[in-house]
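Architecture and fold: a report
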Amino acid sequence: MLVHGVSRINIAIDGPAGAGKSTVARQVASKLGYVYVDTGSMYRAVTLYAQRNGVSANQSSTLQQMVEQLEIELIPTSVGQMILLQQEDVTALIRTREVTTEVSHYASNEHVRSHLSKLQRELAINKGIVMDGRDIGTHVLPDAELKIFLTASVQERALRRYKELTSDNYIPLEQLEAEIATRDKLDETREIAPLIQADDAILIDSSYIGIDEVTDLIVSLSQKKLAEVMG
Ligand code: DC
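Report follows, based on the coordinates. (Residues numbered from 1 in each chain as written. Predicted model: local features only at pLDDT ≥ 70, side-chain atom pairs only at ≥ 80, totals over all residues. Heavy atoms only, no water.)

Some words on the overall build of the chain
On a plain count of helices and strands, the chain comes out with nine helices and ten strands. In terms of principal-axis extent, the alpha carbons of the chain reach across some 55 × 40 × 35 Å. Counting 23 positive and 32 negative side-chain charges, the chain places the averaged centre of each group 2 Å from the other. (Helix = DSSP H or I, 4+ residues; strand = E, 2+ residues; numbered from the N terminus. Lys, Arg positive; Asp, Glu negative; His and termini not counted. Charge placed at Lys NZ, Arg CZ, Asp CG, Glu CD.)

Thoughts on the site of the ligand
Taken together, 16 residues lie near the ligand, and Arg44, Arg113, Arg134, Asp135 and Arg190 sit nearest. At 2.8 Å, a side-chain N or O of Asp135 approaches a nitrogen atom of the ligand. In the complex, 96% of the free accessible area of the ligand, which totals 450 Å², lies under the protein chains. Among the secondary structure elements, those contributing two or more residues to the shell around the ligand are helix 2 (39-52), helix 4 (97-107) and helix 8 (173-189). Take the shell around the ligand: its biggest share by element is four residues, from helix 2. Residue classes in the shell around the ligand are distributed as four nonpolar, four polar and eight charged. (Near = heavy atom within 4 Å. Polar contact = N/O pair within 3.5 Å; in protein donor to acceptor, adjacent residues only side chain to side chain. Areas by Shrake-Rupley, 256 points an atom, 1.4 Å probe, with all protein chains shown as cover. Nonpolar A, V, L, I, M, F, W, Y, C, P; charged D, E, K, R; others polar.)

Considerations on the sheet that holds strand 7 (residues 88-89)
Here we have three strands laid out as an open sheet, ordered 5-6-7, and antiparallel in their pairing. Lying at the two open borders of the sheet, with one neighbouring strand each, are strand 5 (72-77) and strand 7. Across six bridges, strand 5 lies against strand 6 (residues 80-85) in antiparallel orientation. Each bridged residue has a counterpart across the sheet, and for Thr77 the counterpart in strand 6 is Gly80. Here helix 2 sits on the sheet in contact with strand 5, strand 6 and strand 7, set at roughly 30° to strand 6. (Pairing = 2+ DSSP bridges. Contact = heavy atoms within 4.5 Å. Axes fitted to C-alpha atoms, helices over the stretch in contact; angles between N-to-C directions.)

Brief notes about the sheet that holds strand 8 (residues 129-133)
Spatially, the five strands line up as an open sheet ordered 4-8-3-9-10, and their pairing is parallel. Strands with a single pairing partner mark the edges of an open sheet, and in this sheet they are strand 4 (35-38) and strand 10 (202-205). Recorded for the sheet is a direction-independent mean angle of 20° between the axes of neighbouring strands. In this structure, strand 4 lies alongside strand 8, joined through four bridges in parallel fashion. Looking at the pairing, Val37 lines up with Met131 of strand 8.

Some remarks on the packing of aromatic side chains
Under the definition given, this model contains one aromatic pair. Where Tyr162 meets Tyr170, the ring centres are 6.0 Å apart and the plane angle is 70°; that geometry is what we call edge-to-face. By relative accessible area, which is 30% here, Tyr162 ends up partly exposed. (Phe/Tyr/Trp six-rings, centres within 6.5 Å; stacked < 30°, edge-to-face > 60°. Buried < 20%, exposed > 50% of the residue type's maximum accessible area, 1.4 Å probe, protein only.)

Things to note about the packing of helix 1 (residues 21-32) against helix 9 (residues 211-230)
The N-to-C vectors of helix 1 and helix 9 enclose an angle of 50°; their axes lie 9 Å apart at closest approach. Our classification of the angle between helix 1 and helix 9 gives oblique. Helix-helix and strand crossings are classified by hand; for helix 1 and helix 9 the assignment is right-handed. For the pair helix 1 and helix 9, the contacting residues are Thr23, Val24, Gln27, Val28, Lys31 and Leu32 in the first and Ile211, Asp212, Val214, Thr215, Asp216, Ile218, Val219 and Ser222 in the second. Grouping the amino acids of the contact of helix 1 with helix 9 by side-chain chemistry returns seven nonpolar, four polar and three charged. (Parallel < 35°, antiparallel > 145°, perpendicular 65-115°, else oblique. Left-handed = near helix turned anticlockwise from the far one by under 90°.)

This is the structure in structure tokens:
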């Protein structure tokens, strides 16, 4: 698509938790001058709001009303994406363990998914977006010009999380592995928009290649795709 004389595409990056999607997506967006959209942060914001208001994941009609009135804004900044919930900066608050362990349950609700998918499609309308999530290539942006499915083994993903921990938030490696495997299973087996590789997505396994190499690979794939689109 030609916007103001500059041609841009949309890039969808899906995959399980901890495969490096957000770092890669942020780096790819920065190298291409695109906007990075972290859709997981939107599910996390809904979870935080529901928890604060005592709404559980199985109160479907209450969740529907709640999510449709919620004001969620994503603001690109030089250090990543800031997220505002009802105008409050919740960028750090949505990363707590309390939200992380519960978010899959809220993310499997049909009303939450359809509302957030609609917002995500609106964000991508003018192209030039790198969007990461679980269902971007399959449901949110099925027409994205480039689709990547980024994965890594459970052990490698747990080890990456483990290395980020400090003595204040220490969690044994075995527990991290179990939590990641549980979250994968919930995301892969939910009825609506499960985590699955789109038929036309390119599979990249980051178990044995560095994040920077993955970024360079996706940038070069996107340049090739852009040349194709431009004819
Ligand atoms: O990428 P993340 O860990 O921040 O995602 C948080 C949760 O949201 C995760 O359990 C899966 C869910 N999610 C989803 O179902 N669909 C998306 N497009 C993005 C995230």
